[in-house]
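Chain by chain, the residues:
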Amino acid sequence: MIIKRILIFCLACTFFTPLSSQVKVRVFSDTSPLSALLTVDEGEYLLDAGYGKSSRIRRGELVFISRAGNRLAVKIHNGKIFLCDSLYLSGSADNSRFSLREGENSAGWRRYDGDLKCIPDLGSLLLINICDADSYISGVVMAEGGPGRHPAYLKTQAVIARTYMYRHMNRHLSDGFNLCDNIHCQAFKGITTDPIVQEASISTRNEVIAGPDSALIIAAFHSNCGGETVCAGDVWLTPQPYLTRITDPHCLNSRNALWRKSITLTDWINYLIKSGCDKKNIVSGLLNFSQKTRLTDYKAGDFSMPLKQIRDHFGLRSTFFSVAVEGDSVILKGRGYGHGVGLCQEGAIEMALKGFSYRQIIGFYYPGVKILGINEAKPVEKPPL
Ligand SMILES: [Zn+2]
Ligand SMILES: [Zn+2]
């Protein structure tokens with residue numbers, strides 16, 4: 001009887017246990033530091049260097065970590081340097097926090113909570129922060145959305161960041177962590193103490209965006225769509241029903257709504273000829289080109305090339321531009337900033353200011369989706385690239 005009850009309890013735990021509320025994030029992943037300096041801000045940490053060597057690190061104490069061949073050299077506050085193969089710092093309380101910087105960058109302190117693992121990796125230090133998902137999400141919202149925004153907009157960014165986090169939990173699994181902290185995954189420059197950003201994460205806890213089949217969506221976003229978003233299939237290889245073209249009246253007066261760029265006529269024509277265009281087409285249509293609604297190609301006569309290719313070559317803000325000649329220059333007048341797929345951040349900011357809820361904002365930019373608790377969503381089957 002007792003065994004049966006234990007078995008039922010275990011099965012119930014397996015079924016109802018929520019997905020991990022912790023995430024392992026590689027920090028300082030874009031700079032591959034050779035050394036790092038850590039100081040404890042709150043609580044106390046236990047430093048475990050393996051082979052039974054451990055130390056307590058109290059508030060205000062410093063730990064200096066650097067590469068020493070294939071090992072780590074560690075100095076705790078004023079103690080002696082010792083060598084080890086790996087290091088694990090675990091917080092002794094829920095509110096344990098530390099600050100970390102690259103050894104060489106005295107201005108670059110970032111704050112983290114949770115634990116820190118450090119191992120040598122290909123000539124640098126691999127620093128992995130094992131942290132609470134809520135504080136990770138608020139850190140991402142701070143890095144991607146910025147401070148001082150309306151709560152409904154911050155909640156929108158929080159649900160997007162959480163959807164991305166769960167969809168890509170396996171992305172770096174073979175490297176020993178879940179996500180990196182730069183834009184390859186999501187920007188995360190440490191935790192934030194901004195209460196409105198923290199609240200955006202906590203009040204949407206566990207919420208993710210799913211398609212009609214309950215699978216987590218690709219929650220693409222960009223700065224400004226210029227009044228019309230782009231179908232995913234026009235930019236990437238795979239179309240998605242929720243990443244479709246929508247008309248956006250909300251972002252038209254925002255900071256990145258319009259842009260202008262001047263290129264010399266000679267440079268423009270040389271670029272087109274190098275791209276396979278003959279002069280007849282240049283004169284007939286390409287120098288007087290406009291887009292009332294978004295087009296995918298720049299074409300005249302029998303010449304055509306993807307607008308995306310021109311955007312990449314000249315570093316343009318978007319593919320949504322017109323072409324006209326003024327004197328010996330080509331003037332590009334453009335709309336929007338970014339790839340244009342999915343949520344338009346400046347439109348979402350305006351919608352929040354107009355009184356729309358985060359659910360309405362998400363429903364507007366990703367038509368046909370639903371917001372679910374992560375345990376109601378379809379598990380991610382294989383690591384997306
Ligand atoms: Zn990454
Ligand atoms: Zn827009």
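Scroll up to find the structure this text is about.
Calculation rules
- Residues numbered from 1 in each chain as written.
- Chains lettered and ligands numbered in written order.
- Predicted model: local features only at pLDDT ≥ 70, side-chain atom pairs only at ≥ 80, totals over all residues.
- Heavy atoms only, no water.
- Axes fitted to C-alpha atoms, helices over the stretch in contact; angles between N-to-C directions.
- Helix = DSSP H or I, 4+ residues; strand = E, 2+ residues; numbered from the N terminus.
- Left-handed = near helix turned anticlockwise from the far one by under 90°.
- Contact = heavy atoms within 4.5 Å.
- Nonpolar A, V, L, I, M, F, W, Y, C, P; charged D, E, K, R; others polar.
- Parallel < 35°, antiparallel > 145°, perpendicular 65-115°, else oblique.
- Pairing = 2+ DSSP bridges.
- Phe/Tyr/Trp six-rings, centres within 6.5 Å; stacked < 30°, edge-to-face > 60°.
- Buried < 20%, exposed > 50% of the residue type's maximum accessible area, 1.4 Å probe, protein only.
- Donors = N, O, S within 2.8 Å, 3.2 Å for Na, K, Ca; no water.
- Tetrahedral: all angles 85-135°; square planar, octahedral: opposite > 155°, others 65-115°.
- Core = buried A, V, L, I, M, F, W, Y, C linked by side-chain atoms within 4.5 Å.
- Domains from an automatic or database assignment.

A. Spatial organisation of the packing of helix α9 (residues 345-353) against helix α10 (residues 358-365). Where α9 contacts α10, the axes come no closer than 10 Å and their chain directions differ by 145°. Of the two elements, α9 crosses α10, and the hand of that crossing is right-handed. For the pair α9 and α10, the contacting residues are Gly 347, Ala 348, Met 351 and Ala 352 in the first and Gln 360, Ile 361, Phe 364 and Tyr 365 in the second. Across the contact of α9 with α10, the residue classes break down as six nonpolar, two polar and no charged.

B. A look at the packing of helix α3 (residues 151-167) against α10. Two numbers describe how α3 lies on α10: the axes approach to 8 Å, and their chain directions differ by 60°. What the angle tells us is that α3 and α10 run oblique. In the crossing of α3 with α10, the sense of the turn from one axis to the other is right-handed. Within the contact between the two elements, α3 uses Ala 152, Lys 155, Thr 156 and Val 159 and α10 uses Tyr 358, Ile 361 and Ile 362. Looking at side-chain class alone, the contact of α3 with α10 contains five nonpolar, one polar and one charged residues.

C. Structural detail: the sheet that holds strand β12 (residues 124-132). Taken together, the seven strands give an open sheet; going across it, the order is β4-β3-β8-β11-β12-β1-β13, and neighbouring strands pair in mixed fashion. Every interior strand has two partners, whereas the edge strands, β4 (54-57) and β13 (179-180), have only one. Here strand β8 (residues 87-91) runs beside strand β11 (residues 115-121); their pairing, made up of three bridges, is antiparallel. Residue pairing in the sheet places Leu 89 in a bridge with Leu 116 of β11.

D. The arrangement of the packing of aromatic side chains in detail. According to the stated counting rule, one finds ten aromatic pairs in the structure shown. When the ring of Tyr 45 is compared with that of Phe 98, the centres are 5.6 Å apart and the planes differ by 90°; the resulting orientation is edge-to-face. Taken together, the positions of Tyr 45 in strand β3 (residues 45-48) and Phe 98 in strand β9 (residues 97-102) put the pair 53 residues apart, joining distant regions of the chain. Among the residues examined, Phe 98 registers a relative accessible area of 0% and is labelled buried. Ring centres of Trp 268 and Tyr 298 lie 5.9 Å apart, and the angle between their planes is 75°; on these two criteria the pair is classed as edge-to-face. Of the two residues, Trp 268 is situated in helix α6 (residues 265-274) and Tyr 298 in strand β17 (residues 297-300); the sequence distance between them amounts to 30 residues.

E. Spatial organisation of the coordination of the zinc ion (ligand 2). The zinc ion (ligand 2) binds to the protein through Cys 225 (SG), Asp 248 (OD), Cys 251 (SG) and Cys 344 (SG); the donor distances cover 2.1 to 2.3 Å. Classification of the site at the zinc ion (ligand 2) as tetrahedral follows from its four donor atoms and the range of 104 to 122° in their angles at the metal. Sequence positions of the donors to the zinc ion (ligand 2) reduce to the motif C-x22-D-x2-C-x92-C. Of this pair, Cys 225 sits in the loop between β15 (221-222) and α5 (232-235) while Cys 251 sits in the loop between α5 and β16 (258-264); the two residues are 26 residues apart in sequence, bridging distant segments of the chain. The pair formed by Cys 225 and Cys 251 is uniform in burial state, with each residue classed as buried.

F. Spotlight on unusual backbone geometry. Even without being glycine, Ser 32 reaches a positive phi, approximately 45°. Within the element layout of this structure, Ser 32 appears in the loop between β1 (22-27) and β2 (35-42). For Tyr 51, which is not a glycine, the phi torsion comes out positive at approximately 50°. Mapped onto the elements of the fold, Tyr 51 is located in the loop between β3 and β4. Owing to a relative accessible area of 79%, Tyr 51 belongs among the exposed residues under this scheme.

G. Local environment of the nonpolar core. Ranked by internal contacts, the top residues of the largest apolar core, which has 85 residues, are Leu 47, Leu 87, Leu 100, Leu 127, Tyr 136, Met 165 and Tyr 366. Per element, the largest residue contribution to this core is ten residues, and it comes from α3. Both of domain 1 (21-132) and domain 2 (218-255 + 340-366) provide at least three residues apiece to this core. Once residues lying within four places of it in the same chain are set aside, the contact partners of Met 165 are Val 23, Ala 133, Tyr 136, Ile 137, Leu 179 and Gln 186. Counting residues in hydrophobic clusters, the runner-up holds 23 residues, among them Cys 277, Ala 300, Leu 307 and Phe 314.

H. Focus on the coordination of the zinc ion (ligand 1). At the metal site, the zinc ion (ligand 1) is ligated by His 172 (NE2), Cys 180 (SG), His 184 (ND1) and Cys 185 (SG), and these contacts range over 2.0 to 2.3 Å. Angles of 101 to 117° at the metal separate the four donor atoms of the zinc ion (ligand 1), which places the site in the tetrahedral class. Going along the chain, you hit the donors of the zinc ion (ligand 1) in the pattern H-x7-C-x3-H-C. Relative accessible area serves as the criterion here: at 6%, Cys 185 is assigned to the buried category.

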